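# Per-entry structural report
Below are the chains, spelled out letter by letter.
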Amino acid sequence: PTMTEQLEDLTTYRERVRTYMEEQLPRRDPKNPWHPTEDDDDRASINRDLQRRLFDGGFAGVCYPKEYGGQGLPIEYQRVINDVSEDFDMPLLFSTPTMSITGPTVLEFGTEEQKQRYIPKFLSGEELWVQFMSEPGGGSDMAGALTRADRDGDVFVFNGSKIWSTYAYRSDIALCLARTNWDVPKHRGLTMFIVPIHHPGITVNQIKMVDGTEEFCEEFFDDAIIPAANVVGEVDDGWTVATRLLFHERSAVGGSSPYTQGRYRNTGDAGRARTKSIVENAGRIGDPIAQQLVGQTEVLDLVQKALIDRVRTGISSGHFPGPAGSLVRLFGGMAEVERTSIALELAGQSALVWDADDPRGEGVDY
């Protein structure tokens, strides 16, 4: 917002958000927060519909600029939405990576035409994005990408493969890192592209995991033609774009991104409710040891929130370098391990085995 615009009072905004969600969004099922379906295609359709409902109400892309369909508001307004939304189904599939990783990358490096074309489409739920970064032989060496994009006039011809792209088979657009120059050091010969997934020359296969899930995908490029207009940033400077994408990924996973929407269910008020349920089911409400463990989870939440604010403020002011975003990602991972360990200790043996009629099993879903 400009200096002359009057921002809505946060209390009033919270009331407006809750009223809209009560009218337009279904209540969350605590036993199935991913929405009441086991079918991934149905889940995608539900998420698209929920995203559209948020967009129609003016509550999607809160921190995205107005000229691209967002609301242009500070992060505090997105946090209000995240708080209120714990009682409702939210389009979490759009939150990460579409809204919080690939979207901000396009916002920063995309051409004006790209931003006008793509950002309103994912804010409104029409297009779901994914990342084409990892490769079968690449391991953690993202800069060693071998998928090639050879220039041919106004287009690039893609050949190679990517892997571990979550839900790519039912997504629409990908940010894809490919090699465009083989005569320079590996970091300098990469280019980032916007790639339509269901496109001639691109084959998407689902990977069946040992637990039966098939959300991870692998992609094969066989002379796939991608317009040069789909380059994000500069040709051969894709590593600059990729490192910024990784910054947004760390921010999203660590909890400091202003672009995530909704809240995953293991922290905050939802985390407290879950921990309380575990303690109650275990019959340990008056147990001083259990009370101390619950207190530890509270401290983890407080420290995590303070760290997120500190790092976000430090990066935005220039006091911290961009890679400081790794701090919240690292702490988030360590805190989650600690929360899970506490949950197991609180639940005792019922965390591993329980009878079908035993209500204690219902609270142990970390």
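What comes next concerns the included structure. (Residues numbered from 1 in each chain as written. Predicted model: local features only at pLDDT ≥ 70, side-chain atom pairs only at ≥ 80, totals over all residues. Heavy atoms only, no water.)

## Topic: the environment of aspartate 49
Note the following rule: Starting at the N terminus, helices and strands are each numbered in turn, a helix being any DSSP run of H or I of at least four residues and a strand any DSSP run of E of at least two. Pairing of N or O atoms within 3.5 Å defines a polar contact, subject to two protein rules: one partner must be a possible hydrogen donor and the other a possible acceptor, and residues neighboring in sequence count only if both atoms are side-chain atoms.
Position of aspartate 49 among the secondary structure elements: in helix α2 (residues 40-57). Separated by 24 residues in sequence, aspartate 49 and leucine 25 place their C-alpha atoms 9.9 Å apart. Here the side chain of aspartate 49 touches arginine 53 through a polar contact of 2.9 Å, side chain to side chain.

## With respect to helix α6 (residues 238-254)
For clarity, the threshold we go by: Working rule for helices: expected span equals 1.5 Å times residues minus one. Each residue's exposure class comes from its accessible area (1.4 Å probe, protein chains only) as a fraction of the maximum for that residue type: buried when under 20%, exposed when over 50%, partly exposed otherwise.
The end-to-end C-alpha separation of α6 is 24 Å, in line with the 24 Å expected for 17 residues at 1.5 Å each. Of all the positions in α6, only Gly238, Val241, Ala242, Leu245, Phe247, His248, Ser251, Ala252 and Gly254 are classed as buried. Count one or two residues on from α6 and you reach glycine 255, which has phi positive near 100°.

## A few points about the packing of helix α8 (residues 288-317) against helix α9 (residues 325-347)
Using the following cut-off: Note on geometry: axes are C-alpha line fits, over the in-contact stretch for helices, and angles between N-to-C directions span 0 to 180 degrees. An angle below 35 degrees is read as roughly parallel, one above 145 as roughly antiparallel, one from 65 to 115 as roughly perpendicular, and any other as oblique.
The interhelical angle for the contact between α8 and α9, taken along N-to-C directions, is 170°, at an axis separation of 10 Å. Judged by the angle between their axes, α8 and α9 are roughly antiparallel.

## Side note on unusual backbone geometry
The step from threonine 96 to proline 97 runs through a cis peptide bond, and the omega angle for that step is 10°. Topologically, proline 97 is positioned in helix α4 (residues 92-109). Positive phi, close to 60°, is recorded for tyrosine 167, a residue that is not glycine. Among the structural elements, tyrosine 167 can be located in the loop between β3 (155-163) and β4 (173-179). Under the relative-accessibility criterion, tyrosine 167 is labelled buried at 13%.

## Description of the side chain of glutamine 51
Stated formally: Residue contacts are counted whenever heavy atoms from the two residues lie within 4.5 Å of one another.
Along the chain, the position of glutamine 51 falls in helix α2. When residues no more than four places from it in sequence are discounted, the contact partners of glutamine 51 are Ala60, Pro91, Phe94, Met99, Phe122, Leu123, Ser124, Gly125 and Gln261.

## Quick look at helix α1 (residues 10-24)
This is how it is decided: Here the arc refers to the directions that run from the helix axis out to each C-beta atom.
Taking 1.5 Å of rise per residue, the 15 residues of α1 would be expected to cover 21 Å, and the 21 Å separating its terminal C-alpha atoms lies within 8% of that figure. Listing the buried residues of α1 in full gives Tyr13, Val17, Tyr20 and Met21. Down the axis of α1, the buried side of the element spans an arc of 100°, and every buried residue falls inside it. Within α1, the exposed residues directed more than 90 degrees away from the buried face are Glu15 and Glu23. Where α1 starts, the residue carrying a side-chain oxygen 2.9 Å from the main-chain nitrogen of threonine 11 turns out to be aspartate 9.

## Considering the packing of aromatic side chains
Test applied: We call Phe, Tyr and Trp rings a pair once their centres come within 6.5 Å, taking the six-membered ring for Trp, and we label the pair stacked below 30 degrees between planes, edge-to-face above 60, and tilted otherwise.
According to the stated counting rule, one finds twelve aromatic pairs in the structure shown. Here tyrosine 64 and phenylalanine 122 contribute two aromatic rings whose centre-to-centre distance is 5.8 Å and whose plane-to-plane angle is 70°, an arrangement assigned as edge-to-face. One end of the pair, tyrosine 64, is in the loop between α2 and α3 (75-84); the other, phenylalanine 122, is in helix α5 (residues 112-123), with 58 residues separating them in the sequence. Since its relative accessible area comes to 0%, tyrosine 64 is described here as buried. Among the aromatic residues, those joined into a ring-pair cluster are Tyr64, Tyr118, Phe122, Trp129 and Tyr259.

## Observations regarding the nonpolar core
Heads up, the rule is: Note on terminology: a nonpolar core comprises buried Ala, Val, Leu, Ile, Met, Phe, Trp, Tyr and Cys residues joined through side-chain atoms within 4.5 Å.
In this structure, Tyr13, Met21, Tyr64, Ile81, Trp129, Leu175 and Met192 are the most contacted members of the largest nonpolar core, which totals 49 residues. Examining the composition of this core, we find that six residues originate from one element, α4, more than from any other. Those residues in contact with tyrosine 64 that sit more than four places away from it in its chain are Gly70, Gln71, Gly72, Thr98, Met99, Gly103, Pro104, Leu107, Ile119, Phe122, Leu123 and Tyr259. Membership of the second largest hydrophobic core comes to 22 residues, among which are Tyr169, Val195, Cys217 and Phe221.

## Overview of the pattern of salt bridges
Two side chains bearing opposite charge may form a pair once their charged atoms approach each other closely. Defined as follows: We define a salt bridge as a contact between a side-chain nitrogen of Lys or Arg and a carboxyl oxygen of Asp or Glu at a distance within 4 Å.
Taken as a whole and assessed by the stated rule, the structure comprises 18 salt bridges. When the shortest N-O distance is used, the salt bridge between arginine 18 and glutamate 22 registers 3.8 Å. With a gap of four residues between them, arginine 18 and glutamate 22 both fall in helix α1, about one helical turn apart. Judged by its relative accessible area of 29%, arginine 18 falls in the partly exposed class. Exposure remark for glutamate 22: the relative accessible area of 45% places this residue in the partly exposed category. For the salt bridge of arginine 52 with glutamate 126, the shortest nitrogen-to-oxygen distance reads 4.0 Å.

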